[in-house]
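# Chains, contacts and geometry: an overview
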Amino acid sequence: MPRQTPADPVLATNKKAFHNYHIIERFEAGIELVGTEVKSCRDRAIVMNEGYVTINNGQAWLLNVHIAVYGFGNRFNHVATQKRRLLLHHNEILKLAQWLGQKGGTIVPLKFYLKKGLVKVEIAYCQGKTHGDQRETLRRFQSDLEMRRAVKR
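So, a few notes on the structure that sits alongside this text. (Residues numbered from 1 in each chain as written. Predicted model: local features only at pLDDT ≥ 70, side-chain atom pairs only at ≥ 80, totals over all residues. Heavy atoms only, no water.)

## Side note on the nonpolar core
- Counting residues in each nonpolar core, the largest one holds 27 residues, and the members touching the most others are Ile31, Ile46, Leu86, Leu96, Phe112, Val119 and Ile123.
- With residues up to four places along the chain from it excluded, the contact list for Ile123 reads Glu25, Arg26, Phe27, Val53, Leu86, Leu88, Leu96, Ile107, Val108, Pro109 and Leu110.
- By size, the runner-up hydrophobic cluster in this structure holds five residues, among which are Val108, Leu110, Ala124 and Cys126. (Core = buried A, V, L, I, M, F, W, Y, C linked by side-chain atoms within 4.5 Å. Buried < 20%, exposed > 50% of the residue type's maximum accessible area, 1.4 Å probe, protein only. Contact = heavy atoms within 4.5 Å.)

This is the structure we're talking about:
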């Protein structure tokens, strides 16, 4: 029987990334999870506000992402903030490694989601926003919100 994608596949989103960075390009990556991490992910016990991706020896690693310890696990439970390997194509890893050398560039996770029963991570190459850019984004959001409210009335 083929794996099914649930009605709400998004497990967690990184709202802070959209506020602090300009998103340049997005990638879908698999993630190598061990032990009870998949069950914790399905319980939506993921915090990735400070998460980022590094590239070492031709492999992409996800750091500072907290996947809570599974409540019904036993002594074989996982460590909450360990580094996790991302599963990407070699060409994608080379492209990301080249971009990381540029000033102000970083790779951050945007969301965790389920796809055909597997946990996937959407990562993005981002450029940091200045304080003025962040204020401009907030202004634009507020004006859009006011416009939608006015149209509703």
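## What about the sheet that holds strand 2 (residues 21–31)?
- Spatially, 1-8-9-2-7-5-4 is the arrangement adopted by the seven strands of the open sheet, whose pairing is antiparallel. Strands with a single pairing partner mark the edges of an open sheet, and in this sheet they are strand 1 (10–13) and strand 4 (52–56). Here the strands of the sheet are splayed against their neighbours by 40° on average, with no regard to which way each runs.
- Of the strand pairs in this sheet, strand 8 (residues 105–115) and strand 9 (residues 118–128) are connected by ten bridges, and their pairing is antiparallel. (Pairing = 2+ DSSP bridges. Helix = DSSP H or I, 4+ residues; strand = E, 2+ residues; numbered from the N terminus. Axes fitted to C-alpha atoms, helices over the stretch in contact; angles between N-to-C directions.)

## Section: helix 3 (residues 90–100)
- Buried residues of helix 3: Ile93, Leu96 and Trp99, and no others. In a view along the axis of helix 3, the buried residues occupy a sector of 125°, so they form one face of it. The outward face of helix 3, more than 90 degrees from its buried face, is lined by the exposed residues His90, Asn91 and Gln98.
- In this fold, the buried residues of helix 3 make contact with strand 2, strand 4, strand 5 (59–63), strand 8 and strand 9. (Arc of directions from axis to C-beta.)

## Structural notes on the layout of surface pockets
- Its boundaries defined by the atoms lining it, the largest pocket holds a volume of some 160 Å³.
- In terms of lining, the largest pocket is formed by Phe18, His19, Lys129, Thr137, Leu138 and Phe141.
- Of all the secondary structure elements, the ones that give two or more residues to the lining of the largest pocket are helix 1 (15–20) and helix 4 (131–152).
- If you tally residues by element for the lining of the largest pocket, the top one is helix 4, at three residues.
- Per-class residue counts for the lining of the largest pocket are three nonpolar, two polar and one charged. (1 Å grid on protein atoms, 1.4 Å probe; cavity = no way out; pocket = protein on both sides within 12 Å on 5 of 7 lines; lining within 4 Å. Points joined across faces, edges and corners; volume = space filled by probe spheres on them. Nonpolar A, V, L, I, M, F, W, Y, C, P; charged D, E, K, R; others polar.)

All quantities given are derived from atomic positions and should not be read as evidence of function.
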